[in-house]
Amino acid sequence: MRKLVLLLVLGVTISYAYSQNRTIAGVVTSQNKEPLPGVSITIPGTNLGTVTNSNGIFSLNVPSSARSLEFSYIGFKGRTVAIGSGNSMNIILESGVASQMDEIVVGAGGISSKRKDLGYVTTRVDAEKLTAGKATNIAGALTGKVAGLKISATSGGVNPSYRVVLRGQRSITGNNQALIILDNVIVPNELLGNLNPEDVQDITVLNGASATALYGSEASNGALLITTKKGSRSKPEVRVSNTYTIEEPSFFPKLQQRFGAGSTANFPVYTPDENQQYGPAFDGTLRPLGQPLADGSIQMLPYSPVNGKNSFWQQGRTNQTDISLSGGDDRGSMFVSAQYIDGLGTTPKDKYNKSTVRFNGTRQFARTLGITINTSYTQNRYDITSQTGTIYGELMQTPASIQITRYKDWKTDKFSTPDGYYNPFYRNPYFLLDNYRQYTRNDYLTASLDLKFAPLSWLDFTYRLAITTRNNDVSTTADKYTYSDFAKLTTHGSYKKTDISGSLTESAFYSTRLNSELQAAIRKKFNDFSIRFIAAGGVRQDQSKNVSTSISGLVVPGLFNLANTLTTPTASGDKFKARQLGAYGDLNIGFRKWVNLHASGRNDWLSTLNPEFRSFFYPAADLSISPLEIFPVLGKWKPLSSLKLRGGWSKVGQVNLPGSFGAYQLDPTFSQAYGYPYANGGGYTLDNRLVSKNLKPEFTKGWEAGIDASFIDNRYVMNLTWYSTHTVDQTVTASVSNATGFSSYLLNAAKTSSSGIELTANANVIRKKNWNLNLGGNYTYVIENKVLAIYGDISSISLGNGSYAITGQPFPVIFSTYYKRDPQGRVVVDPITGYPVRETTNKVLGSAVPVHILGLNFDVSYKTLRLSALGEYRGGYVTYMNNTTAFDFSGGGLATVAFNRERFVFPNSSYPDPSKPGEYIANTNIEVRDGGYGFWTQSVRTGVAENYVASGAFWKLREVALSYDLPGKVLSKVKYIKRTTISVQGRNLLMLLPKTNLYTDPEYSDNGATSNGIGVAAIVSSPPSRYYGATISLIF
Amino acid sequence: MKKHIYILAGAAVVFSASCKKFLNINTNPNDPTTNTPELVMPQALTGTANIVNVDYNSFGADLMYRANAGGFSGFGTVISYDYTTGTANNLWANTLNNLEDYKYIKDKTSSNPKLVYYNAVARIMMAHDFQLLVDQYNDMPYTDALLGLENINPKYDKAQDIYKDLAAQIDTAVSLINTGLANPLSVQPLTTASDPLFSQTTPNMTLWKQLANTIKLRLIVRAGGKVQFKNTTFSSDGFLTQDAILNPVFVKVSGKQNPIWPYSVTNTASASSRLPSYFSLSFYDSTKIKDTKRGVAMFKVFPGTPANQLGNETNPTPPNSAVPNYWFKGTSGTAYDKAGIYKGFDAGLPLILAAESYFLQAEAVVRGYITGDAATLFNKGIEASFTYLYKDNTNTIPGTGTYSAPVADATAYRTTNATNKLVNFALAASDEEKIEAIITQKYIALTMIHSHEAWNEYRRTGYPKVTGTGPTQTMASTVSMATRPDRMPTRIPYPISEYNTNASNVPTGIDKFTTLIFWAK
């Protein structure tokens, strides 16, 4: 890295040369000759620029190297005007929507191009669209807004995790999440949840690898390019806003309200202290609950349902305050912002806060030297229970006759204490809340510096240095609790017999990424050809370290310090470092305005691979054609405003080694096992993983083709894209027979392919002086997303909890247990017990990949009153509710009363014909031996995964927002307020699920946000929520 | 121009060299990537002891000795025997994983005569581990096994052929040890660090040879004439006369305690979901045999220890378990008897009991495989069982108290049950009755210690006898789905992982109720 800095300094010294400059002045007006104030004027390729004053007048110091000025203004078509020989320019801007084709898109490497020149699809989401719903997380704010982009909230809680995937999953075990580029720098994915959405200028989504190949070996997954605000060149502007949001659980698992506590087979018997709900039907009589306490008292409760479980979850509240200051002059700009978010979750006592500060600045030091600095610091703090999943599970083991909120006071109320709680098998959730806590601290710092040196009008250099660092520590605490002797001796169950000795785990972690890149760009025109060539090289280093120490057995209760222990603390730690070098070239050739050809090539060198395989090259190319320019005759057809045909091909290498940055994966390791080391010495075991000696990167080859068109004065816009990718030589950790002495094998083998269609359409249906109505939609259709091969005999890879990659199947699929069926598809039952028969093997129970994703949005405005809404549909896939067996086991689930707990004939079943082997007789009369406990809690029901697989389809109303700018009259009294906006907004207001899904939001993933094993939703996170809130914002 | 080229070329060389240096940072700072047989062996031996005492024993205990307790549910295949390819996969995976460590030791030492003892130990322990697996799965990969990348789809060998080679490997190991003993100066002895089994005080290769002989005897007795062994003789070192107990110096630190110890390092414990079975207790409580002394050493509140029959979940509601369980002789993690099964957090783990060695010898004499006096060996087996149960955490008999006189108590036991042919060997008239007495006594001696061996012997011999379906008549579950007359399963299926990763080799059509291990009845 030092070398590069040196090189840069050298370059600067040698080629720095003054060039002559002059001042250009003029007036910008509308077609009606009205002067336009606040029009932004920039010199392309520099940070130089200005804005018009209240009379539409501007004056700008222009270096001789500048060839044109760009004028842009909201509600008017932007213009790029060549600088002539004169010193004055009077510009007329045309009102209306700018042609999408002329929009400037900043792509990979910070290279900006006009949209019409791009051979691949890009989607830009601006700040207004992004923050309409006031989501605190950028991923949440983007959901449903871009074709081909699938964002799933994989958990609930105070700061939900999101999985962000473009164009489906390619890599079986590697990362499939979109690359996150913040101000031209690759940052870790987790940063997405810790940026302030209010700081974002816009987000450009690059769906395919042709667009992103320059970003290097992670680019096969597409990218989100986030550009933060830089401040305008107008007068200083201060913006203050406050948003208050209420969060409410929006969906609970469907529960039965008919039967109370009991756990006997064949005939229901009321058991006062039973958690399972296979007792008699509710009858309203007064019955005892739990076991008598030491003082002989026992609770008496009406035996009737109160639906008291769901009231455990509370209303969450979030208060968000934003302040920002921006301003600038013709030499630079500045943007400073701060945000503070303070929230309470839907799980009682869960607290969360997040503070963000940002400083962005640009400065043109000299006509040839400009600098941009972006810095952001975020800290978040969580104070939550570590037991949300457990609590959810234990709530489910609560009969419907119990009002759970009655047990809040676990410290003093005798029926609520851990000793006196009625349920001997599952603990009081309020006790769990208090006794098991987790305190998390995260600090993120991102900073980047762009130095741009443009010695000649056709040549510039950019040097970019960036750091992203995360600092984290987590304390997980459990206080001690000693059960009374009475509880220990008399309780029927087990947990009260064991004292809680208390524990503390302290873990700390840091991760730092450094990027350094030098880029040289040449832009030249030769007659009809315009040429741009960029050459660049860079380094990246990732480094992390974590340590963790635990104690168990607290001496003093409630004191969580590592020294407060009776036992020896245990400790562990790891550190990782990886480096990467990259060099690339990027060539763009335009011929007239007809065609644009773009080609790039990149070579990477990675420290994590063996020297002979660490260097790899990959190219990409794309082409765009503008038929309207080539055949002017087409332009005569009035409705057509613009038309572009585009196509691209790319090949991207990706190193998908497991572990932190993929470091140290090549050599098998030895680890101590079975308690080693002991006093007598150490003892090591061989790694269970085999590693291929020739591990290489995996390559994704992709094609895409599309058409962009707009009609009737650009009011109707349509983009259609077809894509196809093929990923080969995938690095996978395949299972191997244990008889090899090992259990897994890391090698290059698997192949996947995916293809689909992405469609975006937008209609500006009404465009009047006061009225504006936009209708839009984006649709993604997955033609195929398939595993073509894995390796040799190995045809499946488990991605966790029943989600699998299986050769010849969609990726991933749910693969698990099922009932035996006869050739007619009827479930085979045992002719004696009437119970269905389980197969001993697993089968594919459905694809976890949504085939259809549809986002629909509309916004309508009358003067400054604006209403917008966004809905999303996903369908054509299944979800496996893998731990919902607990609903059947406990008898709390609605499914268990489908036959009124009476004996029933298993629907659509048959049994073997005793006289004709291989044939089956339709079962019309053999009832299951027990229609209650004996069936629903047993493996004939709970051991069969197909019972818990349901359609994953949903419709969600993602966002609704209504905003209003207060009329000028109101404001005239308070002079210094320029604008006041009030808005109300809601997110995830509605969720429509098919009847077969009784349990939860199919977006949830039991395997976590980073796992490719999607399609497994569990009841381990707090329930899905809806949010609604109000915002007031003032601009000074 | 030329000068420029030189400068450029020079710069390129410097750059590419420093580039290499810049990228060569893949040395693992967290875990070793190389190791030595001396450091792998102690872990492998401790691993074997863990697998035997935790994985295999608890699997066998559910089949042979214990039943579900009240307050728990969801026993599934434990009580139905409806085994799937997901049942007890840990047996397969953990044993093969352990075998790979021995394979490493064997390979690393095969061309190093200095480490001949390490090579011999690896061979003995591989024979031990492979027998564990063959006894559960029958045919399995052997000649192709443990080869890593050299063969990732290992073919299956016939169980009998594996047995045959295991005995041959033991012969090789014994002769290797003898070579070492003949040249003591040119070989590296085992140490307390590398051998936590027999070298806890001083290296002892005779015990290793006795262990080797005992394992070979177990192979031959179990094969029951169905395997043509190359050599059925034994070295003059004889068989184990003491319990083979491994102790790497267990301490009261999380993860470093005796792995069967039921209390945490903070002395907390949960109640077990299991109770003694009536069938198991019937060999102590006078139903079949009166054995108060061992009953007291084994069970909490004996006689009158709460019990259940496997499979009964409701009628009558089974009693709850004690904390931690009814085999624990004590009241807390700090107040306990240091006897029976749970002798302490620091007690060693038995690999093979002396009692098993004696009962194997007694059977081998009855069957004519070796010469000796079956009755003496039978009685020694009973004495060894008393002795093991009475021994404390330091592997010694206490000088005073309830557990101070195992031999006398064993003698008294024989007197008390003088008319019982399961105890008084002289009353066993036929060879079959002798075998029944031997295997029944072995069943008692192995109770909750090496339960899987009792399960193996039951499948091979049918003892202890199942006489009906009542709680003391059978160990079988009341809700057994087994189709055999004894309502017991015969084996577990191969694990699902084999069907997923080695489908072209793993046998199909395995039935948990009808497919037999080659030596089974």
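These figures come from a predicted structure and were not determined experimentally.

*Asks:* Mind showing me how you'd approach the overall build of chain B here?
*Replies:* Scanning chain B for helices and strands turns up 15 helices and four strands. Over its C-alpha atoms, taken along the principal directions, chain B stretches across nearly 110 × 55 × 50 Å. Excluding contacts between residues fewer than 6 apart, the proportion of contacts in chain B whose partners are at least 24 apart in sequence is 74%. Of the roughly 18,600 Å² of accessible surface on chain B, 55% is carried by carbon and sulfur atoms.

*Asks:* Explain the environment of I371(A) to me, please; I cannot follow it from the model alone.
*Replies:* All names here are of chain A. Mapped onto the elements of the fold, I371 is located in strand 23 (residues 369-385). Judged by relative accessible area, I371 falls into the buried class, the value being 13%. Note: C-alpha distance between I371 and G647 (276 residues apart in sequence) is 35 Å. Dropping the residues within four chain positions of it, I371 is found in contact with N47, G361, T362, R363, F365, L449, D450 and L451.

*Asks:* What exactly am I supposed to notice about the nonpolar core here?
*Replies:* Across soluble globular proteins, nonpolar side chains have a tendency to be buried as a group. Residues I172(A), M64(B), W208(B) and L211(B) are the most contacted members of the largest nonpolar core, which totals 179 residues. The leading source of residues in this core is helix 5 (residues 116-137) of chain B, at 15 residues. Non-local contacts of M64(B), meaning those with residues more than four positions away in its chain, are made with F279(B), Y443(B), S451(B), A454(B), W455(B), Y458(B), M475(B) and M488(B). A261(A), Y407(A), I500(A) and V949(A) belong to the second-largest nonpolar core, a separate cluster that totals 50 residues.

*Asks:* Which parts of the structure should I look at to understand the sheet that holds strand 7 (residues 91-93) of chain A?
*Replies:* Pairing between sheet strands relies on hydrogen bonds along the backbone, with the strands arranged either parallel or antiparallel. Residue and element names in this part refer to chain A. If you trace the three strands from one edge of the open sheet to the other, you get 4-1-7, paired in mixed fashion. Only two strands of the sheet have a single partner each, and these edge strands are strand 4 (57-63) and strand 7. Across the sheet, the mean angle from the axis of one strand to that of its neighbour is 35 degrees, orientation sign disregarded. Here strand 1 (residues 21-30) pairs with strand 7 via three bridges, running parallel. Looking across to strand 7, one finds that V28 is bridged to I91.

*Asks:* Help me understand the packing of helix 11 (residues 374-390) of chain B against helix 12 (residues 406-416) of chain B in this model?
*Replies:* All names here are of chain B. Where helix 11 contacts helix 12, the axes come no closer than 8 Å and their chain directions differ by 130 degrees. For the element pair helix 11 / helix 12, the angle class is oblique. The two elements helix 11 and helix 12 cross, and the hand of that crossing is right-handed. Here N379, I382, E383, F386, T387 and Y390 of helix 11 come into contact with helix 12, specifically with P406, V407, D409, A410, Y413 and R414. Its residues assigned to classes, the contact of helix 11 with helix 12 comprises seven nonpolar, two polar and three charged.

*Asks:* What's the story with the sheet that holds strand 13 (residues 179-182) of chain A in this structure? I'm lost.
*Replies:* Residue and element names in this part refer to chain A. Sheet architecture is open: five strands sit in the order 10-15-16-13-14, paired in mixed fashion. Only two strands of the sheet have a single neighbouring strand rather than two, namely strand 10 (122-126) and strand 14 (185-187). Strand-to-strand, the axes of this sheet are offset by a mean angle of 25 degrees, without reference to chain direction. Across five bridges, strand 10 lies against strand 15 (residues 200-206) in antiparallel orientation. Looking at strand 15, one finds that R124 is bridged to T204.

*Asks:* Can you help me understand a nonpolar patch on the surface in this one?
*Replies:* All names here are of chain A. A grouping of W771, Y862, L865, L962, Y964, I982, V984 and I1032 is seen on the molecular surface, where their side chains present a nonpolar patch of about 670 Å² in accessible area. Of all the elements in the fold, those that place two or more residues in the nonpolar patch are strand 50 (954-965) and strand 51 (979-992). Mapped onto the secondary structure, L962 falls in strand 50. Here L962 falls in the partly exposed class, since its relative accessible area comes to 36%.

So, how was this worked out
Per-chain numbering applies: the sequence of each chain, read as written, is numbered from 1 onward. The lettering of chains begins at A and the numbering of ligands begins at 1, in the order of writing. Local features in this predicted model are restricted to residues of pLDDT 70 or higher, and side-chain atom pairs are both shown and tallied only at a pLDDT of 80 or more, whereas totals for entire chains, interfaces and linings draw on every residue. Heavy atoms from the whole structure form the basis of all side-chain values; hydrogens and water molecules are not counted. Only runs of H or I of at least four residues qualify as helices and only runs of E of at least two qualify as strands under DSSP, and these elements are numbered from the N terminus. Residue contacts are defined here by distance: any two heavy atoms, one from each residue, within 4.5 Å place the two residues in contact. Each accessible area is a Shrake-Rupley estimate made with a 1.4 Å probe; only the visible protein chains count as cover when residues are assessed. Any residue under 20% of the maximum accessible area for its type is buried, any over 50% is exposed, and the rest in between are partly exposed; the area is computed with a 1.4 Å probe on protein chains only. Residues grouped as a nonpolar core are buried Ala, Val, Leu, Ile, Met, Phe, Trp, Tyr and Cys residues, joined through side-chain atoms within 4.5 Å. What makes two strands pair is DSSP finding at least two bridges between them. All axes here are fitted lines through C-alpha atoms, helices being fitted over the stretch that makes contact, and every angle between N-to-C directions spans 0 to 180 degrees. An angle below 35 degrees is read as roughly parallel, one above 145 as roughly antiparallel, one from 65 to 115 as roughly perpendicular, and any other as oblique. Here a crossing is taken to be left-handed if its near helix is turned anticlockwise relative to the far helix by less than a right angle, and right-handed if that turn runs clockwise. By the convention adopted, Pro, Cys, Tyr, Trp, Phe, Met, Ile, Leu, Val and Ala count as nonpolar, Lys, Arg, Asp and Glu as charged, and the other residues, Gly among them, as polar. Two joining distances apply to patches: 9 Å for like charges and 5 Å for nonpolar side chains (Val, Leu, Ile, Met, Phe, Trp, Tyr), and every residue must have over 30% relative accessible area and no salt bridge. Between Lys or Arg on one side and Asp or Glu on the other, a salt bridge is scored when a side-chain nitrogen of the former is within 4 Å of a carboxyl oxygen of the latter.

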